[in-house]
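Okay, here's what each chain looks like letter by letter:
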Protein chains: 2
Amino acid sequence: MPAAVDHDERRTRVLDIAEGILAEAGLRAVTVREVARAAGVSTAIVSHYFRDKDELLLLLFRRNVREAFAYADAAAAKGDLKGMIEAAMVLDNARVARWRIWLAYLAQLASHPEIAEIQRGSAAEQLTRLGTMLRCLQERGDIAPHVDPDIAAERLLSLIMGLAIQVLFDPPAWPPERQHAVVDAELRTLYKVGRLPDNVSSAP
Amino acid sequence: MPAAVDHDERRTRVLDIAEGILAEAGLRAVTVREVARAAGVSTAIVSHYFRDKDELLLLLFRRNVREAFAYADAAAAKGDLKGMIEAAMVLDNARVARWRIWLAYLAQLASHPEIAEIQRGSAAEQLTRLGTMLRCLQERGDIAPHVDPDIAAERLLSLIMGLAIQVLFDPPAWPPERQHAVVDAELRTLYKVGRLPDNVSSAP
């Protein structure tokens, strides 16, 4: 009798393995053959779950975006702007992998219209979330009245993306404290004096 | 008698053509064969100038970094912080191409240690330039005394990179005015009241 196979579990495992290869060795190294080898299954099995490399990459990218949003949502629910930003800071190995994958995909934008579309949608969604949070904090009297919430959201999203890229290229030069110093300096320009939350340092 | 060939000119032309293909169709489309076809020469001639695709890409990346620095240096010489930032804003097609190339390379970081090294060096150099400029403007009394020039440089470089990536994915949504609004809002947090230069808008 053949062993029962949990397809969802095997599919997830194949995705995890592909993600690991991509994070460690780059997009070029992700091939159906290599994923099959690392998973200890045949290429036919990998192909059963994913038509080809492009489909596998697209699914990985989508899963990544979903995970990042779930993380940010948990912070947003608590009115925690810094927490929303921490979701995207490169503070642990999981987030190093996530950003590497994101970067590898971005580079494909010209040849993959579907990826460009997901990225556009996810950036728009992040801007809306940040803008909503900033507006809410401004109504509560925490954010200074002269701050335009939409432009502040654009500043924050830009800063997060650019910071992550710098960190990715030189992790030893960017311990968490240095990343927090940059993000906190940015956040201090938004909050009213005396209304800075506990997780944003006040030291300049 | 064979026509005299200007090797420097031909080499530059091959690089230009490779850059055009990369900016339009992505990294995957850049092959020695395709570059030769577009340049109207044999693959043997392209291979004469560049050992392989990787060498061609590395030279393109280096040329890109050099061009961006020359642009920023011209602004820095005039004490023009906003001008330094404009060097990296996606304000015309040439800069769209430059950023697309940069992005395509970044994605190769895991498999190309040399590119990661160039990127690290160029980020460090840009931070130093921005930090020096900010320190100088602070000594002149333009930048507020509470601003830490090194952290402000990190904020600015992060913001520029992240903004460019957002623009690249959705150029129609990001006309120059919208990009200027984000950059100017950031710069306003650094300058003293009444010391804002003419090319930074004061409207919030």
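Keep in mind it's a predicted model, so treat the numbers as computed, not measured.

Undergrad: Quick question: what am I supposed to make of the overall build of chain A here?
TA: Scanning chain A from N- to C-terminus turns up nine helices and zero strands. N-terminal to C-terminal, the α/β element order of chain A is α-α-α-α-α-α-α-α-α. Principal-axis analysis of the C-alpha atoms gives chain A an extent of 70 × 35 × 35 Å. When the 204 residues of chain A are sorted by exposure, 50% land in the buried category. Long-range pairs, those at least 24 residues apart, make up 65% of the contacts in chain A between residues at least 6 apart in sequence.

Undergrad: Explain the packing of helix H6 (residues 93–106) of chain B against helix H8 (residues 149–169) of chain B to me, please; I cannot follow it from the model alone.
TA: Geometrically, a packed helix pair is captured by the angle between its two axes and the distance between the axes. Residue and element names in this part refer to chain B. Where H6 meets H8, the axes come as close as 10 Å, and the angle between the chain directions of the two elements is 105 degrees. Taken together, the axes of H6 and H8 are roughly perpendicular relative to one another. In this structure, H6 contributes Val96, Trp99, Arg100, Trp102 and Leu103 to the contact, and H8 contributes Ile160, Met161, Ala164, Ile165, Leu168 and Phe169. Its residues assigned to classes, the contact of H6 with H8 comprises ten nonpolar, no polar and one charged.

Undergrad: I keep staring at the relation of the copies chain A and chain B and nothing clicks. Help me out?
TA: Each copy superposes on the other: chain A lies on chain B with an RMSD of 0.0 Å after a rotation of 180 degrees and an axial shift of 0.0 Å. What we have between these two chains is a two-fold relation. Most of the interface of chain A is mirrored in chain B: 100% of its interface residues are interface residues there too.

Undergrad: Can you help me understand the pattern of salt bridges in this one?
TA: Oppositely charged side chains may form a pair once their charged atoms are brought near each other. Residues and elements named next belong to chain A. Counting across every chain of the model gives 35 salt bridges over all chains. Put simply, Glu86 and Lys82 hold a salt bridge, and the shortest N to O gap is 4.0 Å. In this pair, Glu86 and Lys82 both sit in helix H5 (residues 81–86), four residues apart, roughly one turn of the helix. Lys82 gets classed as buried once you look at its relative accessible area, which sits at 3%. For Arg95, the salt bridge goes to Asp92, with nearest N and O atoms at 2.6 Å. Take Asp92: its relative accessible area is 32%, and that puts it in the partly exposed class. The network of salt bridges with shared partners includes Asp16, Glu19, Arg63, Glu67 and Arg98.

Undergrad: Even after reading the chapter, I still don't get helix H7 (residues 113–139) of chain B, so can you show me in this structure?
TA: Because an α-helix completes one turn every 3.6 residues, residues spaced three or four positions apart along the sequence face the same direction. Helix length check: H7(B), at 27 residues, gives a terminal C-alpha distance of 39 Å against a target of 39 Å (1.5 Å per residue), a fit within 8%. For H7(B), the full list of buried residues reads B:Ile115, B:Ala116, B:Ile118, B:Gln119, B:Ser122, B:Ala123, B:Leu127, B:Leu130, B:Gly131, B:Met133, B:Leu134 and B:Leu137. Those residues of H7(B) that are buried lie in contact with helix H8 (149–169) and helix H9 (176–188) of chain A together with helix H4 (53–76), helix H5 (81–86), H6 and H8 of chain B.

Undergrad: Teacher, can you tell me more about the confidence of the model for chain A here?
TA: Fine structural detail should not be taken from predicted coordinates in areas where pLDDT scores are low. Residues and elements named next belong to chain A. Scored by pLDDT, chain A has a mean of 88; 95% of the residues are at 70 or more. The spread of mean pLDDT over the elements of chain A runs between helix H6 (residues 93–106), the lowest at 78, and H9, the highest at 97. Taken together, the chains of this predicted complex give a pTM of 0.87 and an interface ipTM of 0.86.

Undergrad: Help me out: how do you make sense of the interface of chain A and chain B in this one?
TA: Interface size, as often reported, equals the accessible area lost upon joining of the parts. Listed per partner, the contact involves 43 residues of chain A and 43 residues of chain B. Summing both partners gives a buried area of about 3,700 Å² for chain A against chain B, and 66% of it is carried by carbon and sulfur. Viewed at the interface, chain B and chain A are joined by four salt bridges. Among the ionic pairs, B:Arg155 bridges to A:Glu186, the shortest N-O distance being 2.6 Å. Counting the contacts that link chain A with chain B gives eight residue pairs in polar contact (both at pLDDT 80 or more). Taken together, the elements giving at least two residues each to the side of chain A that touches chain B come down to helix H1 (7–25), H6, helix H7 (113–139), H8 and H9 of chain A. Top contributing element to the side of chain A that touches chain B by residue count: H8(A), with 13 residues. In terms of residue class, the side of chain A that touches chain B is made up of 23 nonpolar, ten polar and ten charged.

Undergrad: What's the story with the packing of aromatic side chains in this structure? I'm lost.
TA: Pairs of aromatic rings are described using the distance from one ring centre to the other and the angle between the two planes. Residue and element names in this part refer to chain B. For the coordinates displayed, the defined rule picks out four aromatic pairs over all chains. Between Trp99 and Trp102 the ring centres are 4.6 Å apart and the planes differ by 85 degrees, which places this aromatic pair in the edge-to-face class. A residue pair is termed a helical-turn pair when its members lie 3 or 4 positions apart in one helix, as Trp99 and Trp102 do in helix H6 at three residues. Classification of Trp99 by relative accessible area gives buried; the value is 10%. The class for Trp102 is buried, based on a relative accessible area of 11%.

Undergrad: Please clarify how the environment of A:Ala87 should be interpreted in this entry.
TA: Residue and element names in this part refer to chain A. If you trace the backbone, Ala87 turns up in the loop between H5 and H6. Sequence-wise, Ala87 and Arg140 are 53 residues apart; in three dimensions their C-alpha atoms are separated by 23 Å. With near-sequence residues (within four places) excluded, Ala87 lies in contact with Ala68, Tyr71, Ala72, Arg95 and Arg98.

Undergrad: Sorry if this is basic, but what is going on with the side chain of A:Glu19 here?
TA: With respect to the secondary-structure elements, A:Glu19 resides in helix H1. Excluding residues within four positions of it along the chain, A:Glu19 makes contact with A:Leu60, A:Arg63, A:Asn64 and A:Ile101.

Parameters and conventions
- Residues numbered from 1 in each chain as written.
- Chains lettered and ligands numbered in written order.
- Predicted model: local features only at pLDDT ≥ 70, side-chain atom pairs only at ≥ 80, totals over all residues.
- Heavy atoms only, no water.
- Helix = DSSP H or I, 4+ residues; strand = E, 2+ residues; numbered from the N terminus.
- Buried < 20%, exposed > 50% of the residue type's maximum accessible area, 1.4 Å probe, protein only.
- Contact = heavy atoms within 4.5 Å.
- Axes fitted to C-alpha atoms, helices over the stretch in contact; angles between N-to-C directions.
- Parallel < 35°, antiparallel > 145°, perpendicular 65-115°, else oblique.
- Nonpolar A, V, L, I, M, F, W, Y, C, P; charged D, E, K, R; others polar.
- Least-squares fit on C-alpha atoms with pLDDT ≥ 70 in both.
- Salt bridge = Lys/Arg side-chain N within 4 Å of Asp/Glu carboxyl O.
- Expected span 1.5 Å × (residues − 1).
- pLDDT = per-residue confidence, 0-100.
- Buried area = accessible area lost by both parts, 1.4 Å probe.
- Polar contact = N/O pair within 3.5 Å; in protein donor to acceptor, adjacent residues only side chain to side chain.
- Phe/Tyr/Trp six-rings, centres within 6.5 Å; stacked < 30°, edge-to-face > 60°.

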